[in-house]
Amino acid sequence: MAPLVTEAWPPATVVSDGRTAPYVPLVRAARAWRICALLPGTQDKFWWGVSWGLVREAERQGVVIGVYQAGGYDKLDVQKAQLDACRAMKADAYILAAITTDGLDGQAAAIADGGQPLIDLINGMGSPYVTGHILGNFQENARYGADYILEHRAAWEKAAGRPLKVGWLPGPKGTEWADAMEVGALAILRRAGVDVIHGGYGATALTTQMDLVRDLFDRAPDLDVVFGNAVAIQAAASYLRSRHGRGTHLVATYATDGMADLIRSGMVDLAVSDSPILQARIAVDLAVRVLEGKPHGVWNRITVEPLDQARLAGYDLSRIAVPEGDRFQLRPLPPAVPPTSVGATHPGS
């Protein structure tokens, strides 16, 4: 029998099928279920935290997990092949951070035909065959960032001596999270009459976002704000640091441990946390709940929180940051073995 891992979760507030409440995970799974988890890639450290949360929760619950990454948002065919390979290994459940909203609908239907649960993690899937979703609120992420810019608009315009100029870098087009953030951010800023310069779409790899940042500053060297995905903001911080730029404010639509360091240093003004490590843990718990016929929400959204220097001081970084020295938790799904009970009881909540 595997040792019982009893590490406590930080409190997580989740809106589950319209009801807001603390999320209470199971104590332990009834058997060593085999779960296959697929993530877009390793370039964005956001996914390091997600992989770490998946593996730690699997260990805590006593289930077996395989974690795969496709290599980036341009690798839909790789993610499809990985999912097909997991199906061939007869996984008991699937957790999918989909590269596109509808690109894996065929695989989702096949999983449903086989009677296994499919959990939609973070990115959003449109398939009716998804058993349960654990998501942030992408437009809320964008709203917090846009509202922060508008809150400081007067002071920043006074310092610049002219109307505010905001550069926008959403991330990869066609992903639900980037598209939803773009709709939310641009609606708020343009409604307020802010001049928004679009920096273009691209995968959340540092080299890709750095190219977009350079091009953005070539077109608009006097930008007052760069607003966008965390990797773009990391790239913008590096770009400005190399040029001793101090007059451009940086606002990220989501938070990673790298964003926390940049907020602490004063390079980044704000990042919005949707607690990716907790979302990953909840995804594992949802999969086990479905497999064991326990109550679970279908639509689960975690509360998002804005982080600036003041808020960061009291924030539990275990929601977004992996321990020092840990990396992406890549591992294959082991072959199936005869099921054995781990002899645990569970709350039904």
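Residues numbered from 1 in each chain as written. Predicted model: local features only at pLDDT ≥ 70, side-chain atom pairs only at ≥ 80, totals over all residues. Heavy atoms only, no water.

Asks: Quick question: what am I supposed to make of the overall build of the protein chain here?
Replies: Counting secondary structure elements, the protein chain contains 11 helices and 14 strands. In terms of overall size, the protein chain behaves like a compact globule, its C-alpha atoms giving a radius of gyration of 21 Å where 349 residues would be expected to give roughly 20 Å. Dimensions along the principal axes, computed over C-alpha positions, put the protein chain at roughly 70 × 40 × 40 Å. Looking at the protein chain residue by residue over its 349 residues, the buried ones come to 55%. (Helix = DSSP H or I, 4+ residues; strand = E, 2+ residues; numbered from the N terminus. Rg over C-alpha atoms; globule rule 2.2 N^0.38 Å. Buried < 20%, exposed > 50% of the residue type's maximum accessible area, 1.4 Å probe, protein only.)

Asks: What should I look at first to understand the sheet that holds strand β10 (residues 225-228) in this one?
Replies: Strand pairing in a sheet takes place through backbone hydrogen bonds and is either antiparallel or parallel in direction. Taken in spatial order, the six strands of this open sheet run β9-β8-β10-β11-β12-β14, and their pairing is mixed. Of all strands in the sheet, those with a lone pairing partner are β9 (195-198) and β14 (305-307), marking the two edges. Between one strand axis and the next, the sheet turns by 20 degrees as a mean value, whatever way the strands run. Pairing of strand β8 (residues 165-169) with β9 involves four bridges; the strand directions are parallel. Opposite W168, over in β9, you have H198 as the bridge partner. (Pairing = 2+ DSSP bridges. Axes fitted to C-alpha atoms, helices over the stretch in contact; angles between N-to-C directions.)

Asks: Sorry if this is basic, but what is going on with the pattern of salt bridges here?
Replies: Pairing between side chains of opposite charge can happen when their charged atoms approach one another. Throughout the structure, instances matching the rule amount to 19 salt bridges. The residue R281 makes a salt bridge to E57 at a minimum N-O spacing of 2.8 Å. Here R281 is found in helix α10 (residues 276-291), whereas its partner E57 is found in helix α1 (residues 46-61), with 224 residues between them in sequence. The exposure classification of R281 matches that of E57, with both residues buried. A salt bridge links E292 to K294, with the shortest nitrogen-to-oxygen separation between them at 3.0 Å. No difference in accessibility class separates E292 from K294, as the two residues are buried. Among the charged side chains, a salt-bridge network with shared partners connects R162, K165, D222 and D224. (Salt bridge = Lys/Arg side-chain N within 4 Å of Asp/Glu carboxyl O.)

Asks: I keep staring at unusual backbone geometry and nothing clicks. Help me out?
Replies: Trans peptide bonds make up most of the peptide bonds, and negative phi angles are found at most residues other than glycine. Despite not being glycine, K90 shows a phi value in the positive range, around 60 degrees. Inspection of the secondary structure assignment puts K90 in the loop between α2 (76-88) and β5 (93-96). On the accessibility criterion, K90 (64% relative accessible area) is exposed. Although it is not a glycine, S275 sits at a positive phi angle of roughly 50 degrees. Its location among the elements puts S275 in the loop between β12 (270-273) and α10. Using a relative accessible area of 0% as the deciding quantity, one classes S275 as buried.

Asks: Teacher, can you tell me more about empty space enclosed by the protein here?
Replies: To find the voids left in a structure, one rolls a probe of water-molecule size over its atoms. In the structure shown here, the tally under the stated rule is two cavities of 30 Å³ or more. Its boundaries defined by the atoms lining it, the largest cavity holds a volume of some 100 Å³. Considering the residues around the largest cavity, the lining is formed by D44, F46, W47, Y73, I122, N123, F138, W177, M181, Y254 and D274. Looking at the lining of the largest cavity, the elements with two or more residues in it are α1 and α6 (176-191). Along the lines of polarity and charge, the residues of the lining of the largest cavity split into eight nonpolar, one polar and two charged. Here the second largest cavity defines a volume of roughly 30 Å³. Here the lining of the second largest cavity is composed, by residue class, of four nonpolar, one polar and two charged. (1 Å grid on protein atoms, 1.4 Å probe; cavity = no way out; pocket = protein on both sides within 12 Å on 5 of 7 lines; lining within 4 Å. Points joined across faces, edges and corners; volume = space filled by probe spheres on them. Nonpolar A, V, L, I, M, F, W, Y, C, P; charged D, E, K, R; others polar.)

Asks: I'm lost on the state of the cysteines in this one. Help?
Replies: Disulfides are covalent bonds that connect the sulfur atoms of two cysteines. With the rule as written, the count across this model stands at one disulfide. Bridging C36 to C86, the disulfide has an S-S length of 1.9 Å. Looking along the S-S bond of the C36-C86 disulfide, the torsion reads about 50 degrees, which is the right-handed sense. With C36 in strand β3 (residues 34-39) and C86 in helix α2, the pair connects residues that are 50 residues apart, well separated along the chain. Both residues of the pair, C36 and C86, count as buried. (Disulfide = S-S within 2.5 Å.)

Asks: I tried to follow the packing of aromatic side chains on my own but got confused; where do I start?
Replies: Centre-to-centre distance and the angle between the planes together describe a pair of aromatic rings. Under the criterion given, the structure shown has eight aromatic pairs. Ring centres of W9 and Y23 lie 5.9 Å apart, and the angle between their planes is 15 degrees; on these two criteria the pair is classed as stacked. With a gap of 14 residues between them, W9 in the segment before β1 (13-16) and Y23 in the loop between β2 (19-22) and β3 connect regions that are remote in the sequence. With respect to class, W9 is no different from Y23; both count as buried. Taking the centre distance of 4.8 Å and the plane angle of 15 degrees together, the rings of F217 and Y239 count as stacked. Of the two residues, F217 is situated in helix α7 (residues 206-219) and Y239 in helix α8 (residues 230-242); the sequence distance between them amounts to 22 residues. Both residues of the pair, F217 and Y239, belong to the buried class. Aromatic ring contacts, followed pair by pair, group F46, W47, Y73, W177 and Y254 into a single cluster. (Phe/Tyr/Trp six-rings, centres within 6.5 Å; stacked < 30°, edge-to-face > 60°.)

Asks: I'm lost on the sheet that holds β5 in this one. Help?
Replies: Across the sheet, eight strands lie side by side as β2-β1-β13-β7-β6-β5-β3-β4; this open sheet has mixed pairing. Looking at which strands have only one partner, the edges of the open sheet turn out to be β2 and β4 (64-69). In this sheet, neighbouring strand axes are inclined to one another by 20 degrees on average, regardless of whether the strands run parallel or antiparallel. Where β1 lies against β2, four bridges are found, and the strand directions are antiparallel.

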